[in-house]
Amino acid sequence: MYNHNFFQAAVSSLASILVLMPSNAFAKSPSIRTRVEGNGASNIRQCLRRAANAVDQAGFTIEDIDSDDVEGFNGDYATEVICMSDLVLVLVIVSGPSNSQAGVLRDAIASRL
């Protein structure tokens, strides 16, 4: 069970942050583009290595590599490549201000997997 006071304080803090944010912060949501690719990797390590190389070669700076994903940034664009080695699939996600540019960057990563 959760602590009611903690939950109430967290909701109150979040509400305060949202009220204080400039109204144009919500004017346009970022575009999010996704793609599922076969990865051909025989294990999670190999998949993560390929994902990290693809993210780097597409011009992203790698921010973090976790147990099953690679995260990176390229200016206003962010990516997350999730390895699903048991399915031999990779999910490529790119978000940013332009839908078409997010798609270009997503395809640049996917083509290198």
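Note: the structure precedes this text.
Throughout what follows, the structure given in this document is the object of discussion. Computed from a prediction, not measured in an experiment: that's the story for all the values here. (Residues numbered from 1 in each chain as written. Predicted model: local features only at pLDDT ≥ 70, side-chain atom pairs only at ≥ 80, totals over all residues. Heavy atoms only, no water.)

**Section: the overall build of the chain**
When helices and strands are tallied, the chain shows three helices and five strands. Secondary structure elements in the chain, listed N-terminal to C-terminal, are α-β-α-β-β-β-β-α. When burial is assessed residue by residue, the chain has 27% of its 113 residues classed as buried. Taking the intrachain contacts of the chain between residues at least 6 apart in sequence as the baseline, contacts between residues at least 24 apart amount to 46%. About 7,200 Å² of surface is accessible on the chain, with carbon and sulfur atoms providing 55% of the total. (Helix = DSSP H or I, 4+ residues; strand = E, 2+ residues; numbered from the N terminus. Buried < 20%, exposed > 50% of the residue type's maximum accessible area, 1.4 Å probe, protein only. Contact = heavy atoms within 4.5 Å. Areas by Shrake-Rupley, 256 points an atom, 1.4 Å probe, with all protein chains shown as cover.)

**As for the side chain of D69**
In this structure, D69 sits in strand β3 (residues 69-74). Comment: no salt bridge for buried D69; closest opposite-charge side chain is R45, at 14 Å. The residues touching D69, leaving out its near neighbours within four places in the chain, are L48, D64, E80, V81 and I82. (Lys, Arg positive; Asp, Glu negative; His and termini not counted. Salt bridge = Lys/Arg side-chain N within 4 Å of Asp/Glu carboxyl O.)

**Some remarks on helix α2 (residues 44-57)**
The end-to-end C-alpha distance of α2, which contains 14 residues, comes to 20 Å, matching closely the 20 Å that a straight helix rising 1.5 Å per residue would cover. At its buried positions, α2 is contacted by β2 (61-65), β3, β4 (77-84), β5 (89-96) and α3 (99-110). (Expected span 1.5 Å × (residues − 1).)

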